[in-house]
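# An overview of the molecular structure
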Amino acid sequence: MKTNLRWLIVFLLFIATGLSFLDRQVLSIAILKIQEEFKITDVQYGMINTSFLISYALMFTLGGWLIDRIGGKMGLALSVGLWSIANSLHAVMTSFTQLLTFRFLLGMGEGGCFPGAAWTVYRWFDKKERALANGIAIGGSAIGAVVAPPLTIWLSTHYGWRGGFLIPGLIGIAWVIVWLLIPWKKENLITESPVLPEKKETVSFLELLKNRPTWVFILVRFLLDPVFYFMMFWIPKYLSSVRNVSFERIGSLFWIPFLALGISNIIGGWLSGQLIARGYSVNKARKTVMGIAAGLTLLTPAIEWVSSVEMAIALMSLFMFAHGFWITNYITSISDMFGQKATSTVVGLSGTAGAVSGLILNPLMGVVIQQYSYRPLWIASGLLYPLAFVLFIWLIPRIKPLFGESQSVEVIPERIRAES
């Protein structure tokens, strides 16, 4: 029963991260109808997207800090609840100002999602299962990206563009109710469980910023998130302008790399856990999988030179597959080092760094593409992960707990281990 409850929690995290990507992508399709109805310009649409990114970047850190203090259960309930209400409010918008405001609120809620998921996985899983659980939880975001376009079109066709916002928002509110009904404390108090007793101790921002690993995780995310944003935001335009792919066919191809990402999130976590089960240290297991990921990305520049669209999509999918390996073990490494006291805060700080980097570099990507071509960006995409990996293994020689709370959490009663 206890093992089933742990995996139910992971499944709910999978749904939450899936909803986060689904909810943020609905507008990219619905805006075609909204612009017709409310005469919103492309400049205003850019401001709306910036509104989301600003609050999302801020709340990645503030949300992580809050979750480290109130816990994942209440923290995620607040996060998912806020963004689900904000998403539902999109359905009643009647002006540009309202849409700008609701988009800001959406970013505020979504900023706490991934820090809360990382905290929760650390809370319920030992080092052997932690990466797999993180992979499943994070994998929901990729699946959300896969289903968002067809689902939004279907909802808009049957219920109007407002239904495309309202129905996912109501699903998110229902998620919060189910999440709050899970008896975490009951499991803690009356049975043997892999869950630690609640701890109020946290680590201050100042103490975290004095630790070099904090800055390493921030630096890595700052370097690599723009590559992921490039893949998310520019692939359709690349396929259209460079590969001459029709609008309809882009819709039939764009989901494939994200499916690869979702699958690799899970496989990357599973592989890391298998290496630990075979006697690898946590340090060696996480870095081995991240090294494989970095090596696979070296093939990315070939996208510029392959002749067929199918081969280009295959290489994009390979890149996303590698990113899934990387990000699952990257986030798990944060929890391995910072534990219950600071995992959410560090995940939040690094996420904010990535979002800020994306805000800065996305306009520059447009300049490079307009003045030159996509070639420099494909080359950079292939080289930055190996660079980040070299920096990571150099600056963090060993992944190990920093605040002395590791040993007890790794010990799971034999009966529970046998059940799993």
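Only a predicted model underlies this, so the values are computations on that prediction, with no experimental measurement involved.

Thresholds applied
Along each chain, the written sequence defines residue order, and numbers are assigned to residues from 1. Given that this is a predicted model, residues contribute local features only at a pLDDT of at least 70 and side-chain atom pairs are listed and counted only at 80 or more, while totals for whole chains, interfaces and linings are drawn from all residues. The basis for every side-chain value is the complete set of heavy atoms in the structure, and neither hydrogens nor water enter the calculation. Start and end positions for the domains come from either an automated domain assignment or a database one. Accessible area, probed at 1.4 Å, shrinks when two parts are joined; the buried area is that loss added up over both. One side-chain nitrogen of Lys or Arg within 4 Å of one carboxyl oxygen of Asp or Glu is enough to make a salt bridge. Polar contacts, as counted here, are pairs of nitrogen or oxygen atoms within 3.5 Å of one another; within protein the pair requires one atom able to donate a hydrogen and one able to accept it, and residues that are adjacent in sequence qualify only if both atoms are side-chain atoms. By the criteria applied, helices consist of DSSP H or I runs no shorter than four residues and strands consist of E runs no shorter than two, each listed in order from the N terminus. Residues enter patches when their relative accessible area tops 30% and they take part in no salt bridge; the joining distance is 9 Å for like charges and 5 Å for the nonpolar side chains Val, Leu, Ile, Met, Phe, Trp and Tyr. The method behind every accessible area is Shrake-Rupley, applied with a 1.4 Å probe, and residues are considered shielded solely by the protein chains displayed. Exposure classes here rest on a 1.4 Å probe applied to the protein chains alone. A residue is buried below 20% of its type maximum, exposed above 50%, and partly exposed in between. Two aromatic rings from Phe, Tyr or Trp, using only the six-membered ring of Trp, form a pair when their centres are within 6.5 Å; if the ring planes differ by under 30 degrees the pair is stacked, by over 60 it is edge-to-face, and anything between is tilted. A ring has a charge above it when a Lys NZ or an Arg CZ is no more than 6 Å from the ring centre and no more than 35 degrees off the ring normal.

### Things to note about the domain arrangement of the protein chain
Looking at the assigned domains, one finds that the protein chain contains domain 1 (1–183) and domain 2 (202–402). Distance from the C-alpha centre of domain 1 to the C-alpha centre of domain 2: 21 Å. When the area that domain 1 buries against domain 2 is broken down by residue, the three leading residues are T61, D68 and Y122, summing to 16%. Inspection of the domain 1/domain 2 interface yields 1 salt bridge. One salt bridge connects D336 with R130, and the closest N-O pair in it is separated by 2.6 Å. Across the contact surface, domain 1 and domain 2 share 12 residue pairs in polar contact (both at pLDDT 80 or more). Secondary-structure elements contributing two or more residues to the side of domain 1 that touches domain 2 are α1 (2–38), α2 (42–70), α5 (113–124) and α6 (127–181). With 14 residues, the top contributor of residues to the side of domain 1 that touches domain 2 is α6.

### Some words on a nonpolar patch on the surface
The grouping of I85, L89, V92, L166, L170, I173, I177 and L181 at the surface amounts to a nonpolar patch, some 700 Å² of accessible area in total. Tracing the sequence through the fold places L166 in helix α6. Given the relative accessible area of 35%, L166 is considered partly exposed.

### Focus on the pattern of salt bridges
Scanning the entire structure with this criterion turns up 8 salt bridges. For D225, the salt bridge identified is with R221, shortest N-O distance 2.8 Å. Highlighted residues: D225 and R221, both in helix α9 (residues 212–241), separated by 4 residues, approximately one helical turn. The buried category is assigned to R221, whose relative accessible area is 12%. R249 serves as the salt-bridge partner of E310, at 2.5 Å between the closest nitrogen and oxygen. With E310 in helix α13 (residues 309–371) and R249 in helix α10 (residues 247–253), the pair connects residues that are 61 residues apart, well separated along the chain.

### Considering the packing of aromatic side chains
Considering all chains together, one arrives at 19 aromatic pairs under this definition. On the numbers, 6.1 Å between centres and 65° between planes, the contact of W154 with Y159 is edge-to-face. When the ring of F230 is compared with that of Y374, the centres are 6.4 Å apart and the planes differ by 40°; the resulting orientation is tilted. Of the two residues, F230 sits in helix α9 while Y374 sits in the loop between α13 and α14 (375–395), which places them 144 residues apart along the sequence. On the accessibility criterion, F230 (2% relative accessible area) is buried. Here the aromatic residues F217, Y330, F338 and F392 are joined through ring pairs into a cluster of three or more. It is R103 that lies over the ring of F52; its NZ or CZ is 5.6 Å from the centre.

### Examining the environment of I48
Residue position: I48 is located in helix α2. Distance from I48 to S373, taken between C-alpha atoms, is 27 Å for residues 325 residues apart in sequence.

### Focus on unusual backbone geometry
Positive phi, close to 60°, is recorded for K39, a residue that is not glycine. In this fold, K39 is placed in the loop between α1 and α2. Positive phi, normally seen in glycine, also occurs at N244, with a value near 55°. As for its position among the elements, N244 is in the loop between α9 and α10. N244 gets classed as exposed once you look at its relative accessible area, which sits at 64%.

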